[in-house]
Amino acid sequence: MSSNLPCVFVTRRLPDAAMEIIHSASAAEVWQEEMPPPRAVLLEKVRAAEGLLCLLTDRIDAELLDNAPNLRVVSQMAVGFDNIDVAACSARGIPVGNTPGVLTETTADLTFALLLAAARRIVEADRYARSGAWQTWSPMLLTGPDVHHATLGIIGMGRIGYEVARRAHGFEMNILYTDAQRSEAAEQNFGAQFADLGTLLSQSDFVTVHTPLTPQTRHLMGAQQFARMKPSAIFINTSRGPVVDQAALYEALKRRQIAAAGLDVFEVEPLPLTDPLLQLDNVVLLPHIGSASIATRTRMAVLAAENLVAGLQGLPLPHPVDPAVTRFARP
Ligand code: GLV
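Residues numbered from 1 in each chain as written. Predicted model: local features only at pLDDT ≥ 70, side-chain atom pairs only at ≥ 80, totals over all residues. Heavy atoms only, no water.

### Some details on the packing of helix α5 (residues 104-120) against helix α7 (residues 159-170)
Between α5 and α7, whose axes approach to 8 Å, the crossing angle comes to 55°. Compared by their axis directions, α5 and α7 come out oblique. When the axes of α5 and α7 are compared, the crossing they make is right-handed. Here α5 contributes Thr104, Glu105, Thr107, Ala108, Asp109, Thr111 and Phe112 to the contact with α7, which in turn contributes Arg159, Ile160, Glu163, Val164, Arg167 and Ala168. (Axes fitted to C-alpha atoms, helices over the stretch in contact; angles between N-to-C directions. Helix = DSSP H or I, 4+ residues; strand = E, 2+ residues; numbered from the N terminus. Parallel < 35°, antiparallel > 145°, perpendicular 65-115°, else oblique. Left-handed = near helix turned anticlockwise from the far one by under 90°. Contact = heavy atoms within 4.5 Å.)

This is how it looks when you write it as structure tokens:
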């Protein structure tokens, strides 16, 4: 490996297809542990780095950037980037890349898996089948609501919301949605109807969230919002944990103000073993696996590698998050 290749830090080992791209264009140091690099290590590693490839478990903020005088690109292997202070990167002329598009359908699939699992009590039923409690076929055993022909409320009709709507349409669901913008495509293709949040919450049998985490969407779903939902309704979140006031959700589930939930994301991840949600039967809990198909995680890693290499070469990133800073430019 030639020593004049740019110095890069990669915060976790990625699939081979991505590592090959990274190694072909940089002198990369790759963190090999299962756990993310501790903060002090990350700050130390970026000191000489010209490129950083990070995950959503790494906090990229002004302090880190001030420790990284040579940094010319930050590439995140995720579509969400709420762990990155993008404004601080942009102010330093550093482009930030993410991995939109490639994970859309996989995440919509997982959303539907959670929705079906919560409605049809799949996890409870699996526990039951293994427990020895299964004595006979019983008329009302482990019954739940139907998914087909029910009303689904989609909060955020972006790429993932749209693919969830496509799946819901296949189940002949009625679709309500709320977003800053109307989606003509969702209205025409899937019969989705635009609604304000209050109407969506009060009329939906299932509510699913597909917004990015921003200061505006933090705790978008709180006690007041859960109070507007039907007692029979099921809430799904595969976006970001802090979009939901988790304590309020717990109360709503415990008091059966809503019937059930399916959650892939949490305010604190990993979900602490002391979290009261773990005591409830009417919630399905997943460890943030929305995009976790083999093909999709590989494509995300490759895209992150491509963003990184473009940034190192002074080219526009294929997927910059700030359209005003697509390539490095010293301010
Ligand atoms: C995963 O949560 C992602 O944002 O890609």
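### Section: the nonpolar core
Counting 50 residues, the largest nonpolar core has Leu14, Ile22 and Phe206 as the members making the most contacts within it. Per-element tally for this core: the top contributor is α5, with eight residues. Three or more residues apiece are contributed to this core by two domains, here domain 1 (7-101 + 294-312) and domain 2 (104-285). Setting aside residues no more than four positions away along its own chain, leucine 14 makes contact with Met19, Ile22, Leu53, Leu55, Met77 and Ala301. Leu176, Ala233, Ile258 and Leu280 belong to the second largest nonpolar core, which has 28 residues in total. (Core = buried A, V, L, I, M, F, W, Y, C linked by side-chain atoms within 4.5 Å. Buried < 20%, exposed > 50% of the residue type's maximum accessible area, 1.4 Å probe, protein only. Domains from an automatic or database assignment.)

### Some details on the state of the cysteines
Under the defined criterion, the tally for this structure stands at zero disulfides. The structure places no disulfide on cysteine 7, whose sulfur is separated from the nearest cysteine sulfur, that of cysteine 54, by 15 Å. When its relative accessible area of 28% is taken as the criterion, cysteine 7 is described as partly exposed. No disulfide involves cysteine 54; its nearest neighbouring cysteine sulfur is the one of cysteine 89, lying 8.5 Å away. (Disulfide = S-S within 2.5 Å.)

### A short note on the packing of aromatic side chains
This model, assessed by the stated rule, comprises four aromatic pairs. Taking 5.2 Å as the distance between ring centres and 90° as the angle between the ring planes, the aromatic pair formed by phenylalanine 226 and phenylalanine 235 counts as edge-to-face. Both residues of the pair, phenylalanine 226 and phenylalanine 235, count as buried. (Phe/Tyr/Trp six-rings, centres within 6.5 Å; stacked < 30°, edge-to-face > 60°.)

### Some remarks on the sheet that holds strand β1 (residues 7-10)
Spatially, the five strands line up as an open sheet ordered β2-β1-β3-β4-β5, and their pairing is parallel. What marks the edges here is a single partner per strand, and that holds for β2 (27-30) and β5 (96-97). As judged from the two bridges shared by strand β4 (residues 73-76) and β5, these two strands associate in the parallel manner. Each residue of the ladder has a partner; that of serine 75, found in β5, is glycine 97. Packed onto the sheet, helix α1 (residues 16-25) meets β1, β2 and β3 (51-54) and runs at close to 135° relative to β2. Helix-sheet contacts for helix α12 (residues 294-312) involve β1, β3, β4 and β5, and the interaxial angle to β4 is about 175°. (Pairing = 2+ DSSP bridges.)

### Observations concerning the layout of surface pockets
There is about 330 Å³ of room inside the second largest pocket. Considering the residues around the second largest pocket, the lining is formed by 16 residues, among which Arg120, Trp137, Leu141, Leu142 and Thr143 are closest to the centre. Element by element, the count of residues in the lining of the second largest pocket is highest for helix α6 (residues 122-131), at three residues. (1 Å grid on protein atoms, 1.4 Å probe; cavity = no way out; pocket = protein on both sides within 12 Å on 5 of 7 lines; lining within 4 Å. Points joined across faces, edges and corners; volume = space filled by probe spheres on them.)

### A few points about α1
Listed as buried for α1 are Ala18, Met19, Ile22 and Ala25. Taken around the axis of α1, the buried residues stretch over an arc of 145°, which confines them to a single face. With respect to the buried face of α1, the exposed residues turned more than 90 degrees away are Asp16, Glu20 and Ser24. Residues of α1 that are buried in the fold lie against β1, β2, β3 and α12. (Arc of directions from axis to C-beta.)

### With respect to the site of the ligand
All residues adjacent to the ligand are Leu56, Ala78, Val79, Gly80, Leu103, Arg240, His288 and Met300. Taking valine 79, its main chain carries an N or O atom lying 2.8 Å from an oxygen atom of the ligand. Interatomic distance of 2.8 Å between a backbone N/O atom of glycine 80 and an oxygen atom of the ligand. Summarising the interface, the protein chains cover 88% of the accessible area of the ligand, which totals 200 Å² for the free molecule. (Near = heavy atom within 4 Å. Polar contact = N/O pair within 3.5 Å; in protein donor to acceptor, adjacent residues only side chain to side chain. Areas by Shrake-Rupley, 256 points an atom, 1.4 Å probe, with all protein chains shown as cover.)

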